[in-house]
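Secondary and tertiary structure notes
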Amino acid sequence: GQQLNQSPQSMFIQEGEDVSMNCTSSSIFNTWLWYKQDPGEGPVLLIALYKAGELTSNGRLTAQFGITRKDSFLNISASIPSDVGIYFCAGQLVGRGSTLGRLYFGRGTQLTVWP
Amino acid sequence: DAGVIQSPRHEVTEMGQEVTLRCKPISGHDYLFWYRQTMMRGLELLIYFNNNVPIDDSGMPEDRFSAKMPNASFSTLKIQPSEPRDSAVYFCASSRQGVNEKLFFGSGTQLSVL
């Protein structure tokens, strides 16, 4: 299957600090998404990106669709304790057949925020 | 609106037993997905349906796994017989109009096979 390389694997930061994580792939994606998963829950969509170079914000979150269409990053500014969780990138492949529309997920970034 | 509803939330069973996980997608969504999450492999797509028809089951680990979607509001994932290595969190997700990047996930079923 497709590999999405997400980094870092984990982050330990202090409240108020900014956070940056990224995702890269060897394949071209036509959509990039970022999800957050709280303990004991399913992932929840944070931001969706549809065009190369697109920069989108959602409150303190900002994400960008890389120009090469093979990468994306997510920034969180002024982190707060409730930002704790696992953040996943996901990409949708360009292509035909049964893989059309499939999402491929990164392994996640575990974020811990110290008060 | 009710989200994707999964049951049970937790399942503990013994090796060899049959396990059935259930999912009710969001009303109006015509895509339904089953994912498995483990520490070792992350989130894996097992199978997905469009309009109740299985489209891609290439992620189903082996014949012990089967999934059905008898109607637009219900799907099951069955494991028979279960094995300890099946222990994981199983998520159901749904989307509408084929724009499946906007997946809405259920809260998952934590399966433990002893």
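The structure under discussion appears in the preceding block.
Everything quoted here is computed from the prediction, not taken from an experiment.

On to the overall build of chain A. What chain A contains, in helices and strands, is zero helices and 11 strands. Its helices and strands taken in sequence order, chain A reads β-β-β-β-β-β-β-β-β-β-β from the N to the C terminus. Counting all 115 residues of chain A, 43% fall into the buried class. Counted over contacts in chain A with a minimum sequence separation of 6, partners at least 24 positions apart contribute 55%. For chain A, the exposed surface amounts to about 5,500 Å²; the carbon and sulfur share of it is 52%.

Scanning all chains against the criterion turns up 12 aromatic pairs over all chains. Geometrically, the ring pair formed by A:F105 and B:Y35 is edge-to-face, given 5.5 Å between the ring centres and 85° between the ring planes. Placement of the pair is A:F105 in strand β10 (residues 103-105) and B:Y35 in strand β4 (residues 31-38), with the two residues belonging to separate chains. B:Y35 carries the same exposure label as A:F105, and that label is buried.

This part is about the environment of B:S66. All names here are of chain B. In this structure, S66 sits in strand β7 (residues 65-71). It is 9.2 Å that separates the C-alpha atoms of S66 and I47, two residues lying 19 residues apart in sequence. With sequence-adjacent residues up to four places away left out, S66 is seen in contact with M60, T76, L77 and K78.

Disulfides are covalent bonds that link the sulfur atoms of two cysteine residues. Within this structure, the stated rule accounts for two disulfides over all chains. One disulfide in the model links A:C23 with A:C89; its S-S distance is 1.8 Å. One end of the pair, A:C23, is in strand β3 (residues 19-25); the other, A:C89, is in strand β9 (residues 85-93), with 66 residues separating them in the sequence. Residue classification places A:C23 among the buried residues on the basis of a relative accessible area of 0%. Accessibility expressed as a relative area gives 0% for A:C89, which makes it buried. Across the disulfide, B:C23 is cross-linked to B:C92 (sulfur-sulfur distance 1.9 Å). Across the S-S bond linking B:C23 and B:C92, the dihedral sits near -70°, which makes this disulfide left-handed. One end of the pair, B:C23, is in strand β3 (residues 19-24); the other, B:C92, is in strand β9 (residues 88-95), with 69 residues separating them in the sequence.

How each quantity is defined
Residues numbered from 1 in each chain as written. Chains lettered and ligands numbered in written order. Predicted model: local features only at pLDDT ≥ 70, side-chain atom pairs only at ≥ 80, totals over all residues. Heavy atoms only, no water. Helix = DSSP H or I, 4+ residues; strand = E, 2+ residues; numbered from the N terminus. Buried < 20%, exposed > 50% of the residue type's maximum accessible area, 1.4 Å probe, protein only. Contact = heavy atoms within 4.5 Å. Areas by Shrake-Rupley, 256 points an atom, 1.4 Å probe, with all protein chains shown as cover. Phe/Tyr/Trp six-rings, centres within 6.5 Å; stacked < 30°, edge-to-face > 60°. Disulfide = S-S within 2.5 Å.

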